[in-house]
Amino acid sequence: MSKLVFIEGGRPVTDSLTVAEVFGKTHDNVIRDIRQQIDKLAEAGESEWGVLNFEETRYQHPQNKQWYPKYNMTEDAFAIVAMAYVTPEAMKMKVRFLEEFKRMREQLSRPPQTQLEILQASINQLVEQERQLKALEARVQHTEQRQEQITEILSLNPTEWRKKVTTLLNRIAQARGGDYEGVRRESYELLEQRGNYKLQTRLINKRRKMLEEGVPKSKIDKVSKLDVIADDARLTEIYLAIVKEMAIRYKVDGAA
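Residues numbered from 1 in each chain as written. Predicted model: local features only at pLDDT ≥ 70, side-chain atom pairs only at ≥ 80, totals over all residues. Heavy atoms only, no water.

**Topic: the packing of aromatic side chains**
Applying the stated criterion across every chain yields a total of 8 aromatic pairs. Between W49 and F54 the ring centres are 6.5 Å apart and the planes differ by 70°, which places this aromatic pair in the edge-to-face class. Taken together, the ring pairs in this structure connect F23, F78, Y85, F97 and F101 into an aromatic cluster. Above the ring of Y85, the side-chain terminus of K25 is found at 4.5 Å from the ring centroid. (Phe/Tyr/Trp six-rings, centres within 6.5 Å; stacked < 30°, edge-to-face > 60°. Lys NZ or Arg CZ within 6 Å of the ring centre and 35° of its normal.)

The structure is reproduced here in structure tokens:
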């Protein structure tokens, strides 16, 4: 686990990267949570407080060497952001953070360090930063591997992709405690929202057309929304992307 709290500008702070790591969230989501709180502070007329307690800065990604935003947060700022994290494990982590903030405040109130102590503290901080960067790089590499495994679905023929999609949705359902119907329904709802399609209407129209063409009722009854998706290349592309995103979100691997 990373060092939870560090000294920046003569005061104890934590940052969005540490919060993301400890609470098991993506850094993008933590940045979103922070900015939402900053917006709420502005609406409440507390913009100055937000500026004093949330410091936007940057960090360099260890893999692509690009620079991305991050936030340093005081104890009060951290408390506001972490307020919404209420799982039992999150509560434990919040206690750990608050204890560390207290320890750092006490450390700041002690007599000035000797040059040797300052040097040692700087070395320790550099070592910890290196460890954090390596941990981040490992997580990024793991995510990219999962994406590569799941992306291979896009090159499959219609029969294969349907089989793969079903396998992935079943694995997602298992990760969600066996909610097979709910997972399938969520995937269709996301498709309708993103593509502005009405799958049920398309399904009714497809069955009506098959009936007019003299297709046996037993075969018509077996037609599903997945058949409707398979009829439209654009719809199929969107649906595959949605299932891939769901698989990544639930940390489901795309291997057969």
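So, next bit.
**Some remarks on the packing of helix α1 (residues 16–23) against helix α5 (residues 88–109)**
Angle between the axes and distance between the axes: these two values describe a pair of packed helices. Relative to each other, α1 and α5 sit at 140°, their axes nearing to 10 Å. Considered as vectors, α1 and α5 are oriented oblique to each other. Crossing hand, α1 versus α5: right-handed. Contact residues: α1 offers T18, V19, V22 and F23, while α5 offers A90, M93, K94 and F97. When grouped by side-chain class, the residues that make up the contact of α1 with α5 number 6 nonpolar, 1 polar and 1 charged. (Axes fitted to C-alpha atoms, helices over the stretch in contact; angles between N-to-C directions. Helix = DSSP H or I, 4+ residues; strand = E, 2+ residues; numbered from the N terminus. Parallel < 35°, antiparallel > 145°, perpendicular 65-115°, else oblique. Left-handed = near helix turned anticlockwise from the far one by under 90°. Contact = heavy atoms within 4.5 Å. Nonpolar A, V, L, I, M, F, W, Y, C, P; charged D, E, K, R; others polar.)

**Regarding the packing of helix α8 (residues 180–195) against helix α12 (residues 233–249)**
Running from amino to carboxyl end, α8 crosses α12 at an angle of 130°, the nearest separation of the two axes being 10 Å. Here α8 lies oblique to α12, going by the angle between them. For the element pair α8 and α12, the recorded crossing hand is right-handed. Facing α8, whose interface residues are V183, R184, E186, S187, Y188, L190, L191, R194 and G195, α12 presents L235, I238, Y239, I242, E245, M246 and R249. Grouping the amino acids of the contact of α8 with α12 by side-chain chemistry returns 9 nonpolar, 2 polar and 5 charged.

**Things to note about unusual backbone geometry**
Notably, K65 is not glycine yet its phi reads approximately 65°, a positive angle. Inspection of the secondary structure puts K65 in the loop between β3 (54–60) and β4 (67–73).

**Some thoughts on the layout of surface pockets**
Taken as a whole, the second largest pocket spans an internal volume of roughly 580 Å³. Where the lining of the second largest pocket is concerned, the elements lending two or more residues are β1 (6–8), α1, β3, β4 and α6 (115–151). Here the element with the most residues in the lining of the second largest pocket is α6; it accounts for 10 residues. Split into classes, the residues belonging to the lining of the second largest pocket amount to 7 nonpolar, 8 polar and 12 charged. (1 Å grid on protein atoms, 1.4 Å probe; cavity = no way out; pocket = protein on both sides within 12 Å on 5 of 7 lines; lining within 4 Å. Points joined across faces, edges and corners; volume = space filled by probe spheres on them.)

**Some points on the nonpolar core**
Counting residues in hydrophobic clusters, the biggest one holds 28 residues, and the most contacted among them are L191, I229 and Y239. Here the element with the most residues in this core is α12; it accounts for 8 residues. Those residues within four positions of I229 in sequence are excluded, and the remaining contacts are W161, Y188, L191, L199, L235, T236 and Y239. Of all hydrophobic cores here, the second largest spans 23 residues; its members include A20, I31, L41 and F54. (Core = buried A, V, L, I, M, F, W, Y, C linked by side-chain atoms within 4.5 Å. Buried < 20%, exposed > 50% of the residue type's maximum accessible area, 1.4 Å probe, protein only.)

**Side note on the side chain of D33**
Topologically, D33 is positioned in helix α2 (residues 27–43). Residue D33 is classed as buried on the basis of its relative accessible area, which comes to 11%. Polar side-chain contacts of D33 include one of 3.0 Å to the side chain of R32. If sequence neighbours within four positions are ignored, D33 has contacts with V81 and Y85. (Polar contact = N/O pair within 3.5 Å; in protein donor to acceptor, adjacent residues only side chain to side chain.)

**Observations concerning the pattern of salt bridges**
For side chains bearing opposite charge, pairing can occur when the charged atoms are close. Inspection of the entire model under this criterion finds 16 salt bridges. Across the pair E75 and R105 runs a salt bridge, and its minimum N-O distance is 2.2 Å. Of this pair, E75 sits in helix α4 (residues 75–82) while R105 sits in helix α5, placing them 30 residues apart in sequence. Exposure remark for E75: the relative accessible area of 23% places this residue in the partly exposed category. Its salt-bridge partner being E245, residue R194 comes within 2.9 Å of it at the nearest N-O pair. In this pair, R194 is assigned in helix α8 and E245 in helix α12, connecting sequence segments 51 residues apart. Classification of R194 as partly exposed rests on a relative accessible area of 46%. The class of E245 is partly exposed, set by a relative accessible area of 37%. Connected through salt bridges with shared partners, the residues R176, D179, E186 and R249 form a single ionic network. (Salt bridge = Lys/Arg side-chain N within 4 Å of Asp/Glu carboxyl O.)

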